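Observations on chain architecture
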Amino acid sequence: MRLQALFFLTLLVAAPLARTQAAAPAIPDEQARYLAGLPMAGTSLFNLSLRKEWSEHAVHLDKAWQALDKRQLKPIDAWMAAHLPDAGNSTDPLLYMFSGPDFLYANAFFPNASTYVLCGIEPIGPVPDVEKIAPAELNSALAGLDKALYSVLEFSFFITKEMKSDLQSTRLSGTLPVLYTFLARTGCHLDEVKLVNVTPEGELAEGPGPVPGVRITFTRAGHAPQTLYYFSTDLSDSAVSKTGFLKWMRGLGPVRSFAKAASYLMHGENFTKVRKLLLDRSTLLVQDDSGIPIRFFDQADWSIVASGRYLGPIQLFQKDHPAQPLLKQIYEKNPSLPLPFSFGYRWHPSESTFISARRLGKLVD
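Cut-off values and rules
- Residues numbered from 1 in each chain as written.
- Predicted model: local features only at pLDDT ≥ 70, side-chain atom pairs only at ≥ 80, totals over all residues.
- Heavy atoms only, no water.
- Core = buried A, V, L, I, M, F, W, Y, C linked by side-chain atoms within 4.5 Å.
- Buried < 20%, exposed > 50% of the residue type's maximum accessible area, 1.4 Å probe, protein only.
- Helix = DSSP H or I, 4+ residues; strand = E, 2+ residues; numbered from the N terminus.
- Phe/Tyr/Trp six-rings, centres within 6.5 Å; stacked < 30°, edge-to-face > 60°.
- Pairing = 2+ DSSP bridges.
- Right-handed = clockwise from strand over helix to strand, strands pointing away.
- Axes fitted to C-alpha atoms, helices over the stretch in contact; angles between N-to-C directions.
- Contact = heavy atoms within 4.5 Å.
- Polar contact = N/O pair within 3.5 Å; in protein donor to acceptor, adjacent residues only side chain to side chain.

A few points about the nonpolar core
- With 66 residues, the main nonpolar core has Phe103, Phe109, Leu153 and Phe354 as its most contacted residues.
- A total of 10 residues in this core trace back to one element, the largest contributor, which is helix α3 (residues 52-83).
- The next biggest cluster of nonpolar side chains, apart from the first, holds 36 residues, and it includes Val240, Met249, Leu285 and Tyr310.

Things to note about the packing of aromatic side chains
- For the structure on display, the rule yields 28 aromatic pairs.
- Residues Trp79 and Phe354 carry aromatic rings whose centres are separated by 6.0 Å and whose planes lie at 80° to one another, so their mutual orientation is edge-to-face. Taken as a pair, Trp79 in helix α3 and Phe354 in strand β10 (residues 353-359) lie far apart in primary sequence, 275 residues in all. In terms of burial, Trp79 and Phe354 fall into one category: buried.
- Judged by centre distance (5.1 Å) and plane angle (55°), the ring pair of Phe343 and Phe354 falls under tilted. Taken together, the residues Phe343 in the loop between α13 (325-333) and β10 and Phe354 in strand β10 connect sequence positions 11 residues apart.

Examining the pairing of strand β7 (residues 255-259)
- With 5 of 5 residues buried, β7 is to be regarded as a mostly interior element.
- Side chains Val255, Ser257 and Ala259 of β7 all project onto a buried face; the interleaved residues Arg256 and Phe258 project onto the opposite face, where all are buried too.
- Where strand β1 (residues 94-96) lies against β7, 3 bridges are found, and the strand directions are parallel. Among the inter-strand pairings, Tyr96 is bridged to a residue of β7, identified as Phe258.
- In this structure, β7 lies alongside strand β8 (residues 282-287), joined through 5 bridges in parallel fashion. Counterpart to Ser257 in the pairing with β8 is Leu285.
- As a crossover connection, the stretch from β7 through helix α11 (residues 272-281) into β8 is right-handed.

Topic: the sheet that holds strand β4 (residues 204-206)
- The sheet built from 10 strands is open, its strands ordered β4-β3-β5-β6-β2-β1-β7-β8-β10-β9 with mixed pairing. Each edge of the sheet is formed by a strand with only one pairing partner; in this case those strands are β4 and β9 (302-308). Within the sheet, the average angular offset between the axes of one strand and its neighbour, ignoring direction, is 20°.
- The strands touched by helix α8 (residues 176-185) within the sheet are β2 (115-120), β3 (189-198), β5 (211-219) and β6 (226-232), with β5 carrying the most contacts at an inclination of about 20°.

A word on the side chain of Ser257
- With respect to the helices and strands, Ser257 occurs in strand β7.
- The exposure class of Ser257 is buried, given its relative accessible area of 1%.
- At 2.6 Å, the side chain of Ser257 forms a polar contact with the side chain of Ser282.
- Apart from residues lying up to four places away in sequence, Ser257 is in contact with Leu94, Leu95, Phe110, Leu278, Ser282, Leu284, Leu285 and Val286.

Examining helix α2 (residues 28-35)
- Among the 8 residues of α2, 6 are classified as buried, and the element is accordingly described as predominantly covered.
- Of all the residues in α2, the buried ones are Asp29, Glu30, Gln31, Ala32, Tyr34 and Leu35.
- Where α2 is buried, its residues touch α3, α6 (135-155), α8 and β3.
- Gly37, located one to two residues past α2, shows a positive phi value of around 70°.

A word on the side chain of Ser290
- Mapping Ser290 onto the fold places it in the loop between β8 and β9.
- A relative accessible area of 0% means that Ser290 is categorised as buried.
- Among the polar contacts made by the side chain of Ser290, one reaches the side chain of Asp288 at a distance of 2.6 Å.
- For Ser290, the contacting residues outside a window of four places in its chain are Lys260, Ala261, Ala262, Ser263, Tyr264, Leu265, His267 and Tyr345.

If you want it as structure tokens, here you go:
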């Protein structure tokens, strides 16, 4: 009788604990693996992965990722190892403005960056918790995520207007589900996810604020711990001058910079401040022709190598952004290497423009 009483007493004590543990949300890494359609055995979301909707999502992403790896990721890795090995090996922070949630290509070109700073106008959204999605809504939520990923997986860039709609139309809203998916699919283990902001004084703080952001710390095999920031903010001169965002980025020290499918925003006079920051603080800048125009690179301070082919802006941008004469001259004077991958708006490799600008002079404080 005593043993039986002890057994039931143990059950009574353990039951509330079990309920408390069951009620705890899945950790960020499990959420990311679920969204990425990766095997869920041994995780708290395993039962949820048995649903037909998730299985179809996982099969779709597996197929898309295999095609992407063959068409883009492996050729990029081989190209960078052969032509820009120091970029791929560098642990310097990487600035990727006008990126949206494109960790995929930031990682493809700069896999060892200690810190990634991504920035776009797309909202961060709530921290994903797939267990809170009603069964009737799961199919549309995962389908919305697949739709949001479509253009970057197929063409190497996000279509801003479509992405804004896709990221607001389902329970998996904002940029975090996309960031989670890319992190998990590139072999990263999410250790911690924190909402942060940059204060008007240029300091990083936790919680909401004038420049909202998210900080994701992650690890993966063969790498030191890394950090990804995504900030949702307007980088135009009139808006960014009212915040401390540029000051905070200047405090990161020497950086590498990346620009792709950037809507030619830094070609005009409404984004001069962020353009100046990238030119002042970058030791290497990798971009397509939609990034910083060649005319802003002082030849005494920069060595520029152009690869691929330059055909000028695509039709959508030709009215407001004419072709760059100086970039045309670079291609005409120097034989350029063909690209084995697509890059930027001209998503055929035979038409893509790839520019690497390496600093020769000193950084500007």
